[in-house]
Structure formats: structure tokens, C-alpha cells
Amino acid sequence: MALEIHNMAGHLIRRLNQISMSVFTERMKAHGQTMTSVQFAALNAIRAHPGIEQARLAELIAYDRATIGGVLDRLESKGLILRSVCEKDRRARLVSLTETGQALLDDLIPVVRQFQDEILSGLTPEERGDFLRLAAKAAEGGNHLSRAPLILDKKS
């Protein structure tokens, strides 16, 4: 029996998130990793921006600034990142990948790319493209409503 919520955006987005997290977790486990999707996103952003400030990293992956430290603590304890104090602002922490972190990310990127279609397995390839375009448009349109908005470009 279908419920009204089964056709509501919030419910469907939550379900897709459940599916995505389940697939991500299972594929990482099968690859011998305990990495979370947020940890993967952080590593990916650090790779693109070596020496990034911890607070800026949170903005780039749309993650809460107050809790990014715990994510980085776990990555640091695994030997995947290094944190250092920023010389310009002693309160800020700079983050970079270790060689181990770089190697692991190089290994995991193809794995993560490979299972993306599985997350949207109910859609044709054309529909997947449409879905991704529309989901990106919806996320951009609602970005201002988020407690952890995506901030790609810093405005001075």
C-alpha cells in the first residue's frame, strides 16, 4: 500500500541516500576499506587542493564545519592526511594527503566511479544523465537552505 510520503521529494531523497550509503559501504567493505563517503569526499577535495584550510574543506564538500574535525581526526589516525598550523592564521589548520592517502585515493576512485550507475540502477543511462542534471539543479537552487552549504568560490 503506497503512502502519500512515497511521492514526496524529501522521502525519495532520503531513500536514495540510504541506497547510496548502503552501496558505498558495501563496496568499500568488499575492497577491504572502512572509509565513509564523507571521508572519501574529504580526501578527494584535499587532493584537488593540497594544503587547504580545514574550514574551507568543509565548504567545498558541503559538510558541517563543527564536525569536519572528527572526520579529519579519523583520516589522520589512518595515516591518510597530515594537518599543520597555518602560519598566517595560527587558529587555522592546513590539510594535505600523505603518500599513503594519495595511493589509497588513487585505488578507490575507480571503485567509486564503477558503482555510481548501480546507485541509480532503476534508470536508463539517459535517465541517469537527466537525474544528475536535475538533482544538481535542485541542490544548487536549495543550497541557501542548507546548514552546510556548498561554497565553491569564496567571495572576498
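One can find the structure itself at the top, above this paragraph.
Figured I'd write up the structure that's included with this text.

Conventions used here
- Residues numbered from 1 in each chain as written.
- Predicted model: local features only at pLDDT ≥ 70, side-chain atom pairs only at ≥ 80, totals over all residues.
- Heavy atoms only, no water.
- Helix = DSSP H or I, 4+ residues; strand = E, 2+ residues; numbered from the N terminus.
- Buried < 20%, exposed > 50% of the residue type's maximum accessible area, 1.4 Å probe, protein only.
- Areas by Shrake-Rupley, 256 points an atom, 1.4 Å probe, with all protein chains shown as cover.
- Lys, Arg positive; Asp, Glu negative; His and termini not counted.
- Charge placed at Lys NZ, Arg CZ, Asp CG, Glu CD.
- Axes fitted to C-alpha atoms, helices over the stretch in contact; angles between N-to-C directions.
- Left-handed = near helix turned anticlockwise from the far one by under 90°.
- Contact = heavy atoms within 4.5 Å.
- Nonpolar A, V, L, I, M, F, W, Y, C, P; charged D, E, K, R; others polar.
- Phe/Tyr/Trp six-rings, centres within 6.5 Å; stacked < 30°, edge-to-face > 60°.
- Polar contact = N/O pair within 3.5 Å; in protein donor to acceptor, adjacent residues only side chain to side chain.

We now examine the overall build of the protein. Broken down by element type, the protein carries 7 helices and 3 strands. Ordered by position from the N terminus, the helices and strands of the protein form the series α-α-β-α-α-β-β-α-α-α. The proportion of buried residues among the 156 residues of the protein is 28%. With an accessible surface of roughly 10,500 Å², the protein has 54% of that area assigned to carbon and sulfur atoms. With 21 positive and 19 negative side-chain charges, the protein shows a separation of 4 Å between the mean positions of the two kinds.

Looking now at the packing of helix 2 (residues 37-48) against helix 5 (residues 99-114). Helix 5 packs onto helix 2 with a crossing angle of 115 degrees between their chain directions and a minimal axis gap of 11 Å. Classified by chirality, the crossing of helix 5 by helix 2 is left-handed. For the pair formed by helix 2 and helix 5, the contact residues are Phe40, Leu43, Asn44 and Arg47 on the first element and Gln102, Leu105, Asp106, Leu108, Ile109 and Val112 on the second. When the residues that make up the contact of helix 2 with helix 5 are grouped by side-chain class, the tally is 6 nonpolar, 2 polar and 2 charged.

Taken as a whole, this structure holds 2 aromatic pairs when the rule is applied. Three or more aromatic residues link up through ring pairs in this structure, and these residues are Phe24, Phe40 and Phe115.

Quick look at the side chain of glutamate 59 now. Examined against the element boundaries, glutamate 59 turns out to sit in helix 3 (residues 54-60). In terms of polar contacts, glutamate 59 uses its side chain to reach the side chain of arginine 56, at 3.0 Å. In this structure, glutamate 59 is in contact with Arg65, Pro149, Leu150, Ile151 and Lys154, ignoring residues within four places of it in sequence.

For threonine 98, the position within the fold is in the loop between strand 3 (93-97) and helix 5. For threonine 98, a relative accessible area of 14% puts it in the buried group.

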